[in-house]
Amino acid sequence: MARPATRSVEELDQYLALVRAAGLDAPWSRPGPLIESKKTGVQPCVWRWAEIEPLLRRSSDFIAPGQGTERRILRLANPGVPERTSTHTLSVAVQYLLPGEVAPAHSHTPNALRFMMRGQGAYTTVEGDKCLMTPGDLVLTPTPMLHDHGNEGSEPVIWFDGLDSPIVRYLEALTQHRHPQERQQIGKVAGLSERYFGTAGLRPVGTRTGTRPQRLIHYRWQTAQAALLQLAQLEANPFDDVMMEYVDPSTGRSIFPTMACYVQLIRPKVHTRAHRQTSSAVYHVVRGAGCTVIDGVRYEWKEGDFFVVPPSARHEHANEGSDPALLFSLQDVPLLSALGLYREEE
Ligand SMILES: [Fe+2]
Ligand SMILES: [Fe+2]
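Counting starts from 1 at the beginning of each chain's written sequence and moves along it residue by residue. All chains are assigned letters beginning at A, and all ligands numbers beginning at 1, according to the order in which they are written. A pLDDT threshold of at least 70 governs which residues receive local features in this predicted model, and a stricter bar of 80 or more applies before side-chain atom pairs are shown or counted, although totals over entire chains, interfaces and linings include all residues. To get the side-chain values, all heavy atoms of the structure are used, and hydrogens and water are removed first.

(A) Inspection of the sheet that holds strand β21 (residues 297-302) at higher detail. With antiparallel pairing, the three strands of this open sheet are ordered in space as β21-β20-β23. The sheet terminates laterally at β21 and β23 (315-318), the two strands that pair on one side only. When the angles between neighbouring strand axes are averaged without regard to direction, this sheet yields 20°. One bridge is not enough; two strands pair if DSSP finds at least two bridges between them. The secondary structure listing takes helices from DSSP runs of H or I that are at least 4 residues long and strands from runs of E that are at least 2 residues long, numbered from the N terminus. As defined by bridge partners, strand β20 (residues 289-294) adjoins β21 across six bridges and the pair is classed as antiparallel. What sits directly across from Val-293, in β21, is Arg-298. Lines are fitted to the C-alpha atoms to define the axes, a helix being fitted only along its stretch in contact, and any angle between axes, read from their N-to-C directions, falls within 0 to 180 degrees.

The following block contains the structure:
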């Protein structure tokens, strides 16, 4: 049975002053629950390619990679996130490289991915593996793999990077290292030979461990698109229409413990059913046009645009046109699932 307070307000104030002086907190002294819930600050928003592209192309007038910055990027800053990331857990930035430029080799604790958007001749080297990226390709740099980028083509290239850096930063585990050379050597990194020999259960003496055998880092657009079109012949999902997740073939799981990537087809005249998920998502429109209704507000999108669905926001997608719409998204589903917090409801 609750014990009634027997002391005066003055005595309580004196007591609370002693509690504070001892480095303690008495949450029952304030109205409301002992653990305050937090409403999301993440806002639904759309970033238009028509605005992004000219600003990105102008950025080369002001900054060059390797000279004052490691990456020439423009980040999608959600107005509701004080850290200026895209959601509270996901950071997405569009990157621009001119012909001949190199974004120098570095490594960092956040996991990163890049989705190629425009131009030919771009590459990302990941632990000695040089991946030539054509539009639609997805290249991963799992923590803490060394990576550098370059443009060996004759036109500027554009891709976007997705990072779990807000999570890593929140965990106070964010570190980054610049490699002494601008470009790492191709095929000379120990991790690569481990990938070659790892399947046989062997590794060359002296090589370091840590890189999983058969960890796929380069997902090609041709393969992803073909799989998606094949799935479209077989089945559809009422909430996402035709959708596939990129997985790590060595585990069958999401590509990162924090982030999952998806490619999605909204067929012409399809309007999906609304649902809400405790996860947050950043979408990129690879092709086509459509709209997403988020908490009752309609957001139109077309090729090149990005948009955010905040955690637990009710959302539905629609394609009112006659051409298919293709979406790529990154979502923090695996992180919430690992914590037992992922929920999806109609
Ligand atoms: Fe990086
Ligand atoms: Fe969804």
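Read on for the rest.
(B) Molecular detail of the coordination of the iron ion (ligand 1). With water omitted from the atoms examined, metal sites may look incomplete; donors here are N, O and S atoms no farther than 2.8 Å from the metal, or 3.2 Å in the case of Na, K and Ca. Every protein donor of the iron ion (ligand 1) is listed here as His-106 (NE2), His-108 (NE2) and His-147 (NE2), and their distances to the metal cover 2.1 to 2.2 Å. Summarised as a motif, the one-chain spacing of the donors to the iron ion (ligand 1) is H-x1-H-x38-H. With His-106 in strand β6 (residues 102-108) and His-147 in strand β11 (residues 147-151), this pair connects stretches of sequence that are 41 residues apart. In terms of burial, His-106 and His-147 fall into one category: buried. Three labels apply to residues, based on accessible area from a 1.4 Å probe with only protein chains included: buried if under 20% of the type maximum, exposed if over 50%, partly exposed otherwise in between.

(C) Structural detail: the sheet that holds strand β8 (residues 122-126). Pairing within the open sheet is antiparallel, and its five strands lie in the order β9-β8-β11-β6-β13. Each of the sheet's edge strands pairs with one partner strand only, and the pair in question is β9 (129-133) and β13 (176-178). When the angles between neighbouring strand axes are averaged without regard to direction, this sheet yields 25°. Strand direction decides the pairing type here: β6 and β13, joined by three bridges, are antiparallel. When the bridges of β13 are listed, His-108 appears paired with Gln-176.

(D) Region of the structure containing a nonpolar patch on the surface. Patch rule: a residue counts if its relative accessible area is over 30% and it has no salt bridge; like charges are joined within 9 Å, and nonpolar side chains (Val, Leu, Ile, Met, Phe, Trp, Tyr) within 5 Å. We get accessible surface area from the Shrake-Rupley algorithm with a probe of 1.4 Å; when it comes to residues, only the shown protein chains can shield them. For this analysis, a salt bridge means a side-chain nitrogen from Lys or Arg found within 4 Å of a carboxyl oxygen belonging to Asp or Glu. On the surface, Leu-12, Tyr-15, Trp-28, Leu-34 and Ile-35 cluster together to form a nonpolar patch covering roughly 590 Å² of accessible area. Looking at where Leu-12 falls in the secondary structure, it is placed in helix α1 (residues 9-21).

(E) Structural detail: the coordination of the iron ion (ligand 2). Every protein donor of the iron ion (ligand 2) is listed here as His-275 (NE2), Gln-277 (OE1) and His-315 (NE2), and their distances to the metal cover 2.2 Å. Spacing between the donor residues of the iron ion (ligand 2) along their common chain follows H-x1-Q-x37-H.

(F) Summary view of the pattern of salt bridges. Summed over the entire model, instances satisfying the criterion amount to 15 salt bridges. Residue Arg-30 pairs with Asp-25 through a salt bridge whose shortest N-O separation is 3.1 Å. Since its relative accessible area comes to 42%, Arg-30 is described here as partly exposed. The class for Asp-25 is exposed, based on a relative accessible area of 53%.

(G) Geometry of the packing of aromatic side chains. For Phe, Tyr and Trp, where Trp contributes only its six-membered ring, two rings pair if their centres lie within 6.5 Å, and the inter-plane angle classes them as stacked under 30 degrees, edge-to-face over 60, or tilted in between. Counted by the stated rule, this structure contains 10 aromatic pairs. Relative to Phe-306, the ring of Phe-160 lies with its centre 5.2 Å away and its plane at 85°, an arrangement referred to as edge-to-face. Of this pair, Phe-160 sits in strand β12 (residues 157-163) while Phe-306 sits in strand β22 (residues 306-309), and the two are 146 residues apart along the sequence. For the pair Phe-160 and Phe-306, a shared accessibility class is recorded, and that class is buried. Here the aromatic rings of Phe-160 and Phe-328 are separated by 5.9 Å at their centres, their planes lie at 65°, and the arrangement is edge-to-face. Here the residue Phe-160 occupies a position in strand β12, and Phe-328 occupies one in strand β24 (residues 325-331), the gap between them amounting to 168 residues. Per residue, the accessibility class of Phe-160 equals that of Phe-328, and both read buried.

(H) Here's a closer look at the nonpolar core. Among buried residues, the Ala, Val, Leu, Ile, Met, Phe, Trp, Tyr and Cys ones that are joined through side-chain atoms within 4.5 Å form a nonpolar core. Counting residues in hydrophobic clusters, the biggest one holds 40 residues, and the most contacted among them are Val-94, Leu-113, Phe-160, Tyr-246, Phe-306, Phe-328 and Leu-330. The element best represented in this core is helix α5 (residues 221-234), accounting for five residues. Not counting residues within four places of it along the chain, the set of residues in contact with Leu-330 comprises Leu-90, Val-92, Leu-113, Phe-160, Gly-162, Met-259, Ala-260, Cys-261, Ser-280, Ala-281 and Val-282. Counting residues in each nonpolar core, the second largest holds 14 residues, with Val-46, Ile-266, Val-270 and Tyr-283 among its members. Note on definitions: a residue-residue contact is assigned when non-hydrogen atoms from the two residues lie within 4.5 Å.

(I) Broad picture of unusual backbone geometry. A cis geometry characterises the amide bond from Thr-143 onward to Pro-144, with omega recorded as -5°. Summarising the element assignment, Pro-144 is placed in the loop between β10 (138-141) and β11. Its identity is not glycine, yet Glu-127 carries a phi of approximately 50°, on the positive side. Exposure remark for Glu-127: the relative accessible area of 4% places this residue in the buried category. For Lys-269, which is not a glycine, the phi torsion comes out positive at approximately 70°. When you line up the elements, Lys-269 lands in the loop between β17 (260-266) and β18 (276-277).

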